[in-house]
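# Residue-level structure breakdown
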Amino acid sequence: MHLIITDARLARSRAIHLSGTRLLLAGLALSLGLMLVAAGLYHWVFLKGAREGWPIVGSLVRLVVKDEFAERDRFMRANLDAMARRVGEMQARMVQLESLGDRVMGLAGMAPSDIPKEPGGRGGALVGAHDMTMEELQRTLDDLERLSSQRVDLMTVLESRLFDQHIRKKMIPTHAPVSGVVGSNYGWRVDPITGQSALHTGLDFPSPVGTPILAAAGGVVVTQEFHPAYGNMIEVDHGNQLVTRYAHASRTLVKQGDIVRRGQKIAEVGNTGRSTGSHLHFEVLVQGVFQDPQKFLSAGGAATGAQLALAPVPGAAGAASSPAPGR
């Protein structure tokens, strides 16, 4: 394409040759320039018309803005309604969690009145319901956050209380040390060796030599030795000045300082020390004072495995009295 530009005043002419590429670029530049000018004029006219309130332009602007605001309101309302439904579901879950917390508190030995709660109840018929505003939704979320924090603190306290109860239960000697009947009870009896009345400070479990002896509760072995009266003896400290003693063993399987768990095999039944036959002599001491072991075993449901016999089994009992340490 050739363009000839003539200047009559100067009596000159100039020829311009445009190839296809140049012509296309020129067309694109011209189109872009026209679009920018049109967009600028459109923007300027609408802004100026909106600010100065031109009759036609102002009405068009208000119509467009109104439609945009209405669409935005519909979008926000749909989201608020969805969030309000989820908040309602969360409130229902919190009520269930509160009920569960009350039941767990009973298991932990705590009264519901020990934990402060939100005043008043919630519920009733739905009367005059209305859509929640953003401010109401935010307040509800804040209340849920505060309530959930209280529930978390409560569950932490309950967990600690239940764990403490679990540990204490494991540290109380309620597990029968030997399966079988009790041959000789705790209390005063005729000593099988001297024939005199003496205090028997524990329970005797007649069993064959080699029968496993189990720890009645978890604790730490504080004594493992041979005693002239008790024979091969083990003492386990369960804390709170509570100690169990296992005497006349043929063989001991733990040593001083070992940690034993409830029901763990710690020795085997024997006939060592001051004894008239193979059996386990089992004692419980609280602050150094002898207690009736049967009370502990019965409290732990172990009475079925250690039923009291009506009469001692002859030939399988030890003897003890306050002045003499023999068992």
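The following refers to the structure shown.

Definitions and cut-offs
- Residues numbered from 1 in each chain as written.
- Predicted model: local features only at pLDDT ≥ 70, side-chain atom pairs only at ≥ 80, totals over all residues.
- Heavy atoms only, no water.
- Helix = DSSP H or I, 4+ residues; strand = E, 2+ residues; numbered from the N terminus.
- Expected span 1.5 Å × (residues − 1).
- Buried < 20%, exposed > 50% of the residue type's maximum accessible area, 1.4 Å probe, protein only.
- Core = buried A, V, L, I, M, F, W, Y, C linked by side-chain atoms within 4.5 Å.
- Contact = heavy atoms within 4.5 Å.
- Pairing = 2+ DSSP bridges.

### Digging into helix α3 (residues 134-170)
Between its terminal C-alpha atoms α3 stretches 53 Å, which fits the 54 Å expected from 37 residues at 1.5 Å a residue. What α3 keeps buried is the set Leu-137, Thr-140, Leu-144, Leu-147, Arg-151, Leu-154 and Leu-158.

### So, the nonpolar core
If you look at the biggest cluster of nonpolar residues, it comprises 23 residues, and the most contacted ones within it are Phe-205, Ile-213, Ile-234, Tyr-246, Ile-266, Leu-280 and Phe-282. Secondary structure elements with two or more residues in this core: β5 (203-206), β8 (231-237), β9 (242-252), β11 (265-269), β12 (279-286) and α4 (293-299). Here Ile-266 is in contact with Ile-213, Leu-214, Ala-215, Ile-234, Tyr-246, Thr-252, Leu-253, Val-254 and Val-260, once residues within four sequence places are set aside.

### Considerations on the pairing of β11
The element β11 is extensively covered by neighbouring structure, given that 4 of its 5 residues are classed as buried. Pairing of strand β6 (residues 212-214) with β11, which is carried by 3 bridges, proceeds in the antiparallel orientation. Bridge assignment links Leu-214 to a residue of β11, and that residue is Lys-265. Across 3 bridges, β9 lies against β11 in antiparallel orientation. Within β11, the residue paired with Ala-249 across the bridge is Val-269.

### Focus: the pairing of β12
Across the 8 residues that make up β12, a large majority, 7, are buried. Taken together, the 4 bridges between β5 and β12 define a ladder with antiparallel strand orientation. Within β12, the residue paired with Pro-206 across the bridge is His-279. Here β9 runs beside β12; their pairing, made up of 6 bridges, is antiparallel. For Val-243, the partnering residue across the bridge sits in β12 and is Leu-285.

Any link to function would need more than the numbers given here.
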